[in-house]
Every structure is written in C-alpha cells, then in structure tokens.
Amino acid sequence: MPAPHGTPPLGSWSLQPVWPFVTLAQAQVWERAYRSSGHQPWHLDPDQTALSFTHDYLGFKEIDRVSSRTVSGRHARIGVAPTGPEGGTAGVIHLVRYGTGPDAPWEVVGTDDTTFSLTTPAYGSLVRSPMVTGGRISGVDESIRVEVRQPSSAAPLGTSPCCTPAGGNDQPWSVSVSFSGVRDQVLTVVASTGGHVADVERFTITAVRTG
C-alpha cells in the first residue's frame with residue numbers, strides 16, 4: 001500500500017488516535033468551538049487530558065493524580081497514579097497534539113511501559129474477535145484483566161475472564177478476549193493489574209484497528 005501523502009496529523013503515520021477524538025475532523029470541530037466560546041479548555045492541558053482518559057474513558061476512578069510530567073514540543077508523557085501514599089505511578093500516558101495549529105488539542109496515542117507491557121496484538125495492527133493479547137510483567141501475585149474499548153461506547157466491547165494470574169521477573173502473560181459492537185476504526189486494548197494497595201496499580205494500553 002502506498003504511503004499517505006501530506007503532513008501526518010499526529011506527526012507520524014504510525015501513531016493512532018486513541019482518545020478523546022476519533023478523527024482529525026472531530027478535533028478541528030472542537031478547535032472552532034474553543035475559539036468561538038472557550039468550549040472545553042481541558043483539551044489544551046495534557047495533565048487534564050491524561051486524567052480524563054484514565055478516569056472517564058478507562059473507568060479507573062481511583063487514578064486521579066499526576067505523578068510525573070514531561071512535555072517536549074508536540075509530545076507529552078504524563079504519569080498518573082491512584083490517591084494515597086502507597087499509590088505509585090500506574091501508567092505513563094503518551095499524548096500528541098492532534099493537528100498543527102496553535103490550538104491543536106492533546107490526543108492520547110499510547111503508554112510508555114516498563115514493568116508491565118501489552119505487545120500482542122501489535123500497535124496499529126488489524127484485529128478481529130476473538131483476539132489474543134499478551135506481553136510481559138514483573139511483580140508478585142499479579143492479577144491481569146483485559147478490556148477492549150472504543151470512544152463512542154461507554155461500556156467495554158469485551159472483557160477477559162477475571163483474572164489472569166501472573167508474576168515473576170519480566171515474565172510473559174497471555175489471555176484471549178472476545179468483543180462485539182465495533183463502530184470506531186481504532187480500538188483501545190487495556191490491560192490492568194492490582195489488588196495489593198489499589199484496584200488498579202498498573203495499566204498498559206495499545207491501539208488496534210478494525211479496518
């Protein structure tokens with residue numbers, strides 16, 4: 001397939017728009033509304049976008065604070081964590097400005113992973129149900145749950161049987177998940193583990209395509 005022409009709206013053709021905007025056109029609609037009436041200014045704040053992603057889209061209600069922040073040009077990497085002194089960083093969310101204008105909003109495109117990763121299916125790959133998911137994890141008595149989500153639906157499209165036991169040092173994990181009700185072209189696959197000091201202590205995501 002020939003490479004797309006023009007400027008990639010996320011800076012790279014390989015990056016996938018995860019949330020909150022499904023398409024560049026949708027992001028541009030928000031830009032016009034913001035310029036005319038100041039509509040939803042949080043789209044210009046990577047911290048608030050990251051927290052809205054975990055709290056509102058992924059449904060991780062206890063993850064409600066920023067634990068680290070790195071912004072460089074059009075890229076931001078925001079660490080998020082659950083409340084409490086024992087709640088360390090649960091995930092580092094990678095965001096990119098969606099578009100090239102001065103009011104281009106922040107868009108989630110993935111996570112930067114260390115001790116917990118989701119590498120199957122590959123980022124940006126085409127998928128269908130049922131889908132094998134997997135990656136690597138370090139930890140003790142971990143309990144992994146996988147969900148498939150899309151921005152246009154409040155509920156998950158599919159959830160793995162709860163839960164897949166895992167642990168050790170950089171050990172592989174794998175679980176199959178079925179899903180249905182697909183409307184969006186890009187889906188979010190999210191794996192999470194917890195239960196020691198919080199329901200969700202670590203999470204990782206990947207973006208996949210449906211056609």
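Please read these numbers as outputs of a predicted model, since none were measured by experiment.

## Re the overall build of the protein
When its secondary structure is counted, the protein shows two helices and nine strands. For the protein, whose C-alpha radius of gyration is 17 Å, the value lies close to the compact-globule estimate of 17 Å for 211 residues. Dimensions of the protein, computed from the C-alpha atoms along their principal axes, are close to 50 × 45 × 30 Å. In the protein, the share of contacts with a sequence separation of at least 24, taken over all contacts with a separation of at least 6, comes to 56%. Carbon and sulfur atoms provide 52% of the accessible area of the protein, an area that totals close to 9900 Å². Of the charged side chains in the protein, 15 are positive and 18 negative; the average position of the first set lies 8 Å away from that of the second.

## Some points on the state of the cysteines
All told, the structure shown has one disulfide when counted by the stated rule. Across the disulfide, cysteine 162 is cross-linked to cysteine 163 (sulfur-sulfur distance 1.9 Å). Since a negative S-S torsion denotes a left-handed disulfide, the cysteine 162-cysteine 163 link at about -50 degrees is left-handed.

## A closer look at the nonpolar core
Grouped together as the largest cluster of nonpolar side chains are 23 residues, with contacts concentrated most on Phe53 and Phe203. Of all the secondary-structure elements, those providing two or more residues to this core are α2 (46-57), β2 (75-82), β3 (91-97), β4 (106-112), β8 (186-193) and β9 (202-209). Core analysis: the next-biggest nonpolar cluster, separate from the first, contains 18 residues, Phe116, Leu118, Val146 and Ala166 among them.

Conventions used here
Residues numbered from 1 in each chain as written. Predicted model: local features only at pLDDT ≥ 70, side-chain atom pairs only at ≥ 80, totals over all residues. Heavy atoms only, no water. Helix = DSSP H or I, 4+ residues; strand = E, 2+ residues; numbered from the N terminus. Rg over C-alpha atoms; globule rule 2.2 N^0.38 Å. Contact = heavy atoms within 4.5 Å. Areas by Shrake-Rupley, 256 points an atom, 1.4 Å probe, with all protein chains shown as cover. Lys, Arg positive; Asp, Glu negative; His and termini not counted. Charge placed at Lys NZ, Arg CZ, Asp CG, Glu CD. Disulfide = S-S within 2.5 Å. Core = buried A, V, L, I, M, F, W, Y, C linked by side-chain atoms within 4.5 Å. Buried < 20%, exposed > 50% of the residue type's maximum accessible area, 1.4 Å probe, protein only.

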